[in-house]
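Spelled out, the chains give:
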Amino acid sequence: MPQENPFATGSSEHFPGFPGITAALTSAETSRIAARGLWAADGTVDPGAVRLGQTLAQALLGETTDGGDGADALLPAELAAYVEEVRGLALPAYHRIEGAEGSEGDTENVRLSAFSLRRLGPGPHPLVVVPAGWTPFGWPLFLWSYLVLAHRGYHVLAYTPRGLGIPGLPSTSSGLVDVAGPHDWADGSAVIDFAVDHFAPSVIGFMGESYGSGISQLVAAHDDRVAAVVALSTWGNLATSLYDNNTRHLAAVKALLGLTGGPVESKFDEENQRILADFQADRNLDGVVEWGLKRAPESYLSQTNEKGTPTFFSNTWHESLFAVNQTLETFNGLDVPKRLNLWIGDHAAPEGPGLIGPPAVPGEYNLPMAEAYAWLDHHLKGERNGVEDWPEVCSQVMFTYVTEPIRDPETGEPTGENRIVVPARRETRTGWSEVTHGTEVFGLTGDGGGGTDGRLVPPGGGPPAEETGWRRAFLAGVDTEATAMDAIMQTGRAEWAGNPKIYDTRKIDRRHALAWTTEPLISPDGAESTARRVRGIPRVRLTVRSTATSASLYAHLLDVAEDDTARIVSHEPLNVYGLTPDQDTTVTWKLQAAAYDIASGHRLMLVVDSKDPLYGDASVTWTQTVVGSPEDEPSFLELPLG
């Protein structure tokens, strides 16, 4: 049965540190909140996004804390009118859904906090289930998207996965966080049971962002009743998202642990606490990988393929939580109707604004969400809306947007930031295998000495003798200016908005890094503007030795302009263990996939250092790492071209 409005008693006690919702949102506030997206400057959830979601929940449920009348008292006129329109189409309700059995340590039956919009009028109607993302605020955060779905003709049932949330918050679910484990799959099926009993839907789809996207895939793999999936800012392999190339993604896990709504001891059972402790302490990593694989949608591809569940993926090139390559592996393993959208930016930057609020400019729309909704309309409602003709892969080419400076409204002076005036170019391909048409292998030379750079030599660009038989060294364990990003989610959000991070390559300390650079590039086919079309997954091979038994090789691929400033194309870390001093070890590893046009006259730079704030490194500070290129295994950069 529906519960009473959980927000009617005043929000400040439920949202410690956040303002109450007795004051109405203005149109300007709503536009600013939606434009900022999900994340605050410190990587936590933006308080404005929380306020907007909670205010929409209270407006929908029809009461305000001061006795006012719902939407009109809380929202700007145009948004209030939309809420009232949806209320004429669908009945809102708050629920506590009984979940599956609790995990060890749960003291009571798990109750999932949930919110629904039940379509009125003759049915049956299709249903979209939305598991919330990994945040302390649960389902209210994306309430705008539920309005949109209901307006499009869907029943909507959103819920907070077990254990997530601030104690006392009405959108918090009881139980312990299972990190997309079997209890979460079973909870998803319990939510479907509830939906079948209460809504009698014609068909059921799942849509999730981040954590909710993985749960959506996993529930679909284990429950035949899921007819389509939309997975936004998604992941396919939790194991390689956390630990790949012998490297722990420490900053990502730290960020996630800060978003559960409580301390680890109160949020996870003993087994999951042990796994998290092992990961952070760099021990028993085989057990961590096994744990992650159990929770990986990729591990259940055969079940998804057998069911034929249409699956929509959305991810970003510079994703800091769930790196793009692991999503590609899962996508390529799907043998179902499928779509992969790849965008500029980082986690939830593209779709985040469209999940939390209306567009700032009437008539505009959030393209990542518009395509997600179109996927559901086609596969759940049978609409012939063009989705049936979509190629499988659509890539946004990095930084091909056109921008203009933002000026201070009072002084007219540039603020230092830009706005996008022409969107970045998008390219479609029938499948990922069609993205890369060929490769170009650049040899690495050893003629850089005394802090100067070596060269990246294209095929035929120099005598072979220059590319082998050399060694170059740097002092390990000290970070340099060659970092993947300044901050998780923040650097990528700026990219999405037209402000990619600019590197000054002259500031990269060559005592603690090695660099190789091409001559200014020109197009092999005579094109005037583009020298190389990078499309796909670059590879690096190096031969390494160290005065320690371990070393970190963190590769950063940069596009360098004439003034020595650069933007990042791709990166990837590699930790190497079991080294013997004075003995060579040759390693080859893949960088993250990219779609990037290098302008004519620009240079390509490969920087290798030994630390990055995102990762756990294997370097011993002030030891020497030596990179070489033996004649039988020359070092190279392999660039994918499209």
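Now for a description of the structure that goes with this document. Positions within a chain are numbered from 1, following the residues in the order the chain's sequence is written. Only residues with pLDDT of at least 70 get local features here, since the model is predicted, and only at 80 or more are side-chain atom pairs given and counted; chain-wide, interface and lining totals rely on the full set of residues. Side-chain metrics rest on all non-hydrogen atoms present in the structure, leaving aside hydrogens and water.

Structural notes on the overall build of the chain
Thought 1: Helical segments are the DSSP runs of H or I of at least four residues, strand segments are the runs of E of at least two, and each set is numbered from the N terminus. Scanning the chain from terminus to terminus reveals 17 helices and 28 strands.
Thought 2: Values of the radius of gyration come from C-alpha atoms, whereas the globule rule sets the reference at 2.2 Å times the count of residues to the power 0.38. For a compact globule of 642 residues, the expected C-alpha radius of gyration is about 26 Å, and the chain comes in at 25 Å, within 12% of that figure.
Thought 3: Taking the principal axes of the C-alpha coordinates as reference, the chain spans close to 80 × 55 × 45 Å.
Thought 4: Between buried and exposed lies partly exposed: a residue is buried under 20% and exposed over 50% of the maximum accessible area for its type, with that area taken using a 1.4 Å probe on protein chains only. By the burial criterion, 60% of the 642 residues in the chain qualify as buried.
Thought 5: Contacts are assigned to residue pairs that have any heavy atoms within 4.5 Å of one another. A fraction of 77% describes how many contacts in the chain between residues 6 or more apart in sequence connect residues 24 or more apart.
Thought 6: Side chains of the chain give 47 positive and 84 negative charges; the mean places of these two sets differ by 2 Å. Only four residue types enter the tally: Lys and Arg on the positive side, Asp and Glu on the negative side, with His and both chain ends excluded. Every charge is mapped to an atom, namely NZ of Lys, CZ of Arg, CG of Asp or CD of Glu.

Here we look at the nonpolar core
Thought 1: The nonpolar core is taken to be a set of buried Ala, Val, Leu, Ile, Met, Phe, Trp, Tyr and Cys residues, with the residues joined through side-chain atoms within 4.5 Å. Formed by 172 residues in total, the largest nonpolar core has its most connected members in L75, Y146 and M207.
Thought 2: A482, A515, L558 and A566 belong to the second largest nonpolar core, which has eleven residues in total.

Observations regarding the pattern of salt bridges
Thought 1: Salt bridge, as used here, is a side-chain nitrogen of Lys or Arg placed within 4 Å of a carboxyl oxygen of Asp or Glu. Per the counting criterion, the structure on display carries 35 salt bridges.
Thought 2: In this structure, the salt-bridge partner of R426 is E371, at a minimum N-O distance of 2.8 Å. Separated by 55 residues along the polypeptide, R426 in strand β14 (residues 426-429) and E371 in helix α16 (residues 367-381) bring together distant segments of the chain.
Thought 3: When the shortest N-O distance is used, the salt bridge between K381 and E383 registers 3.3 Å.
Thought 4: Residue classification places K381 among the partly exposed positions, given a relative accessible area of 29%.
Thought 5: Each of the salt bridges in this network shares a partner with another, and the network as a whole consists of R425, E427, R429, R533, R535 and D597.

Quick word on helix α7 (residues 211-222)
Thought 1: To estimate how far a helix should extend, the number of its residues minus one is multiplied by 1.5 Å. Between the first and last C-alpha of α7 there are 17 Å, a value that for twelve residues agrees with the 16 Å anticipated at 1.5 Å per step.
Thought 2: Of all the twelve residues making up α7, eleven are buried; the element is thus mostly covered by neighbouring parts of the structure.
Thought 3: Every buried residue of α7 is accounted for by Y211, G212, S213, G214, I215, S216, Q217, L218, V219, A220 and A221.

A look at the packing of aromatic side chains
Thought 1: Here a Phe, Tyr or Trp ring, Trp counted by its six-membered ring, pairs with any other such ring whose centre lies within 6.5 Å, and the pair is stacked when the planes are under 30 degrees apart, edge-to-face when over 60, and tilted otherwise. On inspection of all chains with the given rule, the structure shows 18 aromatic pairs.
Thought 2: On the basis of an interplanar angle of 45° and a centroid distance of 6.1 Å, the ring pair of W470 and W516 is categorised as tilted. Of the two residues, W470 sits in the loop between β16 (454-457) and β17 (471-475) while W516 sits in strand β19 (residues 514-517), which places them 46 residues apart along the sequence. Of the two residues, W470 and W516, neither departs from the other in class, the shared state being buried.
Thought 3: An aromatic cluster is defined as three or more aromatic residues linked by ring pairs; in this entry it consists of Y94, F115, W139 and Y146.
Thought 4: Note on geometry: a ring has a charge over it if NZ (lysine) or CZ (arginine) is within 6 Å of the ring centre and within 35 degrees of the ring normal. Between the NZ or CZ atom of K338 and the centre of the ring of F331, over which it lies, the distance is 4.5 Å.

Let's talk about empty space enclosed by the protein
Thought 1: Residues are said to line a cavity or pocket when one of their atoms sits within 4 Å of a point; the points come from a 1 Å grid over protein atoms alone, cavities being sets where a 1.4 Å probe fits but cannot get out and pockets being open sets with protein on both sides within 12 Å along at least five of seven lines. Grid points are joined across faces, edges and corners, and a volume is the space filled by probe spheres set on the points. A full pass over the atoms with the stated rule returns six cavities of 30 Å³ or more.
Thought 2: The calculated volume of the largest cavity comes to roughly 220 Å³.
Thought 3: Considering the residues around the largest cavity, the lining is formed by 18 residues, among which W134, V179, L238, L242 and L256 are closest to the centre.
Thought 4: For the lining of the largest cavity, the secondary-structure elements that each account for two or more residues are α8 (238-242), α9 (250-257), α11 (270-281) and α12 (285-294).
Thought 5: Among the residues making up the lining of the largest cavity, the classes are represented as 17 nonpolar, one polar and no charged.
Thought 6: In this structure, the second largest cavity spans a volume of roughly 160 Å³.
Thought 7: Residue lining of the second largest cavity: 20 residues in total, with H318, E319, H571, Q592 and Y615 positioned closest to the centre.
Thought 8: At five residues, the largest contribution of residues to the lining of the second largest cavity is made by strand β23 (residues 565-576).
Thought 9: Of the residues assigned to the lining of the second largest cavity, the class counts are twelve nonpolar, six polar and two charged. Under the scheme applied, nonpolar residues are Ala, Val, Leu, Ile, Met, Phe, Trp, Tyr, Cys and Pro; charged residues are Asp, Glu, Lys and Arg; polar residues are all the others, including Gly.

Description of the side chain of T543
Thought 1: With respect to the helices, strands and loops of the structure, T543 is situated in strand β21 (residues 539-546).
Thought 2: Classification of T543 as buried rests on a relative accessible area of 2%.
Thought 3: Among the polar contacts made by the side chain of T543, one reaches the side chain of T586 at a distance of 2.8 Å.
Thought 4: Those residues in contact with T543 that sit more than four places away from it in its chain are D584, T585, T586, V626, V627, G628, P630, E633 and S635. N or O atoms closer than or at 3.5 Å make up a polar contact, with two conditions inside protein: a donor-capable atom paired with an acceptor-capable one, and, for residues adjacent in sequence, both atoms drawn from side chains.

Details of the pairing of strand β26 (residues 603-609)
Thought 1: Within β26, seven of the seven residues are buried, which leaves the element mostly enclosed by the surrounding structure.
Thought 2: Here β26 shows two buried faces, one formed by R603, M605, V607 and D609 and the other by L604, L606 and V608.
Thought 3: The criterion for strand pairing is that DSSP finds at least two bridges linking the strands in question. As paired elements, β19 and β26 share four bridges and run antiparallel to each other. Residue pairing in the sheet places L514 in a bridge with V608 of β26.
Thought 4: The sheet contact formed by strand β22 (residues 551-560) and β26 spans seven bridges and is antiparallel. In the sheet register, D559 faces β26, and the bridge partner there is L604.

Details of the pairing of strand β13 (residues 414-422)
Thought 1: In terms of strand pairing, strand β12 (residues 402-407) meets β13 through five bridges, oriented antiparallel. Opposite V402, over in β13, you have V422 as the bridge partner.
Thought 2: Connecting β12 to the next strand, β13, in antiparallel fashion are six residues, including G412 with a positive phi near 80°.

Comments concerning helix α6 (residues 182-199)
Counting along an α-helix, one turn takes 3.6 residues, and residues three or four places apart therefore face a common direction.
Thought 1: With 18 residues, α6 ought to run about 26 Å at 1.5 Å a step, and its terminal C-alpha atoms sit 25 Å apart, in line with that.
Thought 2: The set of residues buried in α6 consists of D184, W185, D187, G188, S189, A190, V191, I192, F194, A195 and F199.

What to know about the sheet that holds strand β4 (residues 155-159)
Thought 1: The mixed open sheet is built from ten strands, whose spatial order is β1-β2-β4-β3-β5-β6-β9-β10-β11-β14. The strands lining the two open edges of the sheet, one partner per strand, are β1 (90-98) and β14. Pairs of neighbouring strands in the sheet enclose a mean axial angle of 15°, with direction left out of account.
Thought 2: Pairing of β1 with strand β2 (residues 111-119), which is carried by nine bridges, proceeds in the antiparallel orientation. Orientation is described by lines fitted to C-alpha atoms, with helices fitted over the stretch in contact, and by angles between N-to-C directions that extend from 0 to 180 degrees.

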